[in-house]
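Reading the structure
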Amino acid sequence: MNESGAPPKNIVLIGFMGCGKSTVGRELHQRLGYPLVDMDQVIEQTAGKPISRIFAEEGEVAFRDMETALLKRLIGETGTRQIISTGGGVVVRPENRALLRQLGYVVWLHAPVEALVERTGRNHHRPLLVTEDPVERIRVLLDERKPWYGETAHLKIDTAGLDCAETTTGILESARYFFTQCL
Ligand code: S3P
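Residues numbered from 1 in each chain as written. Predicted model: local features only at pLDDT ≥ 70, side-chain atom pairs only at ≥ 80, totals over all residues. Heavy atoms only, no water.

1. A closer look at the packing of helix 2 (residues 39-47) against helix 4 (residues 60-76)
Contact pair helix 2 / helix 4: the axes reach a minimum separation of 10 Å and the direction vectors enclose 110°. With respect to each other, helix 2 and helix 4 are oriented roughly perpendicular. Facing Met39, Asp40, Val42 and Ile43 of helix 2, the residues of helix 4 in contact are Phe63, Met66, Glu67, Leu70, Leu71, Arg73 and Leu74. Class assignment of the residues belonging to the contact of helix 2 with helix 4 gives a composition of 8 nonpolar, no polar and 3 charged. (Axes fitted to C-alpha atoms, helices over the stretch in contact; angles between N-to-C directions. Helix = DSSP H or I, 4+ residues; strand = E, 2+ residues; numbered from the N terminus. Parallel < 35°, antiparallel > 145°, perpendicular 65-115°, else oblique. Contact = heavy atoms within 4.5 Å. Nonpolar A, V, L, I, M, F, W, Y, C, P; charged D, E, K, R; others polar.)

Below, the structure written as C-alpha cells:
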C-alpha cells in the first residue's frame, strides 16, 4: 500500500540476467507512457559508481542492501504507475520477494539457458558472470533462483519464440485484467 491506501499499479519485471527486462521495460514505457525505473541504473546513480565497482569495493551484500532499500522507497512513492525493471538477483532475499509482491504486478520473463548465455555474453559488465565458466555459473544460479522467480511472480512469460512486441502485448493484456480484478 502507498500513502493513499491503494495498491500500487506498477508493472514489475523480474528474471535472470539477459532475459530481456530492460528491452521489454522500455517497450512497456513507450506503449503505456508510465515512467521506467531501472533499478540497476538508480542504484548506480545513487552510489555514484557502476555495479561492478559496488561489488568489488563494497561486496554483494552491500549491493543487496541497496536493492532492498530501493524497493522500500519505491513502495512508499505516491506515483504508483511505473514500469520497474529489476536486477536478476533481486529475488535472492526473502524480504525482497515480499516487497516485490507489494510493489505491483510482477512478471517473470523466462528464457532458455541458451538465450541467456547468448545475451549475457555480449557484454562483460556483470560481476557475477566474471568467472572462468560463465555458462556453468548461469546454470547454477538459474537453478537456484527459478523457484524464487516462480513464487514471486503473478505471471510467468516464456519468451522463447516471442519477440519484444509480442511479449509486451502479453504483459499488457494480463496486467489490465489483473488490475481490474484487484480494484
Ligand atoms: C545481478 C543482475 C544484474 C545486476 C547485478 C547482479 C544478479 O542485473 O543487478 O549484476 O545477481 O543476477 P541484470 O539482471 O539487469 O543484468
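Additional details are given in the paragraphs that follow.
2. Focus on the packing of aromatic side chains
Aromatic ring pairs are defined here through the distance separating the ring centres and the angle between the ring planes. Taken as a whole and judged by the stated rule, the model has 5 aromatic pairs. With a centroid separation of 5.1 Å and 45° between ring planes, the pair formed by Phe55 and Phe63 is classed as tilted. Summarising the burial analysis for this pair, Phe55 and Phe63 share the class buried. (Phe/Tyr/Trp six-rings, centres within 6.5 Å; stacked < 30°, edge-to-face > 60°. Buried < 20%, exposed > 50% of the residue type's maximum accessible area, 1.4 Å probe, protein only.)

3. Digging into the packing of helix 3 (residues 51-58) against helix 4
Orientation of helix 3 relative to helix 4, taken along the N-to-C sense of each, is 125°, at an axis distance of 7 Å. Accordingly, the angle class assigned to the pair helix 3 and helix 4 is oblique. Residues Ile51, Ile54, Phe55 and Glu58 of helix 3 touch helix 4, and the partners they reach there are Glu60, Ala62, Phe63, Arg64 and Met66. When grouped by side-chain class, the residues that make up the contact of helix 3 with helix 4 number 6 nonpolar, no polar and 3 charged.

4. Considerations on the sheet that holds strand 5 (residues 155-158)
With parallel pairing, 5 strands are arranged side by side in an open sheet as 2-3-1-4-5. For this open sheet the edge positions go to strand 2 (36-38) and strand 5, each flanked by a neighbour on one side alone. Pairwise comparison of adjacent strand axes, ignoring direction, gives a mean angle of 20° for this sheet. By the bridge criterion, 5 bridges tie strand 1 (residues 10-14) to strand 4 (residues 104-110) in an arrangement that is parallel. Considered in strand 4, the bridge of Asn10 is made with Gly104. (Pairing = 2+ DSSP bridges.)

5. Considerations on the pattern of salt bridges
With the rule as written, the count across this model stands at 11 salt bridges. Among the ionic pairs, Glu27 bridges to Arg31, the shortest N-O distance being 3.3 Å. With Glu27 and Arg31 both in helix 1 (residues 21-32), this residue pair falls 4 residues apart, about one helical turn. A residue is classified by how much of its surface remains accessible, and Arg31, at 37% relative accessible area, is partly exposed. Through salt bridges with shared partners, a single ionic network connects Lys49, Arg53, Glu57 and Glu58. (Salt bridge = Lys/Arg side-chain N within 4 Å of Asp/Glu carboxyl O.)

6. Re the environment of Asn10
Among the structural elements, Asn10 can be located in strand 1. When its relative accessible area of 2% is taken as the criterion, Asn10 is described as buried. A polar atom in the side chain of Asn10 sits 2.8 Å from the backbone nitrogen of Gln82. At 2.8 Å, the side chain of Asn10 and the backbone oxygen of Leu103 are in polar contact. (Polar contact = N/O pair within 3.5 Å; in protein donor to acceptor, adjacent residues only side chain to side chain.)

7. Focus: the site of the ligand
Around the ligand there are 13 residues in total, and Lys21, Asp40, Arg64, Arg126 and Arg145 lie nearest to it. Here an oxygen atom of the ligand sits 2.6 Å away from a polar atom, N or O, in the side chain of Arg145. Alone, the ligand offers 380 Å² of accessible surface; in the complex the protein occludes 94% of this. (Near = heavy atom within 4 Å. Areas by Shrake-Rupley, 256 points an atom, 1.4 Å probe, with all protein chains shown as cover.)

8. What to know about the environment of Leu32
Residue position: Leu32 is located in helix 1. The class for Leu32 is partly exposed, based on a relative accessible area of 26%. With 103 residues separating them in the primary sequence, Leu32 and Val135 have C-alpha atoms 35 Å apart. Among residues more than four places away in sequence, those in contact with Leu32 are Ile11, Ile83, Leu172 and Arg176.

Without other data, these values stay purely geometric and don't point to any function.
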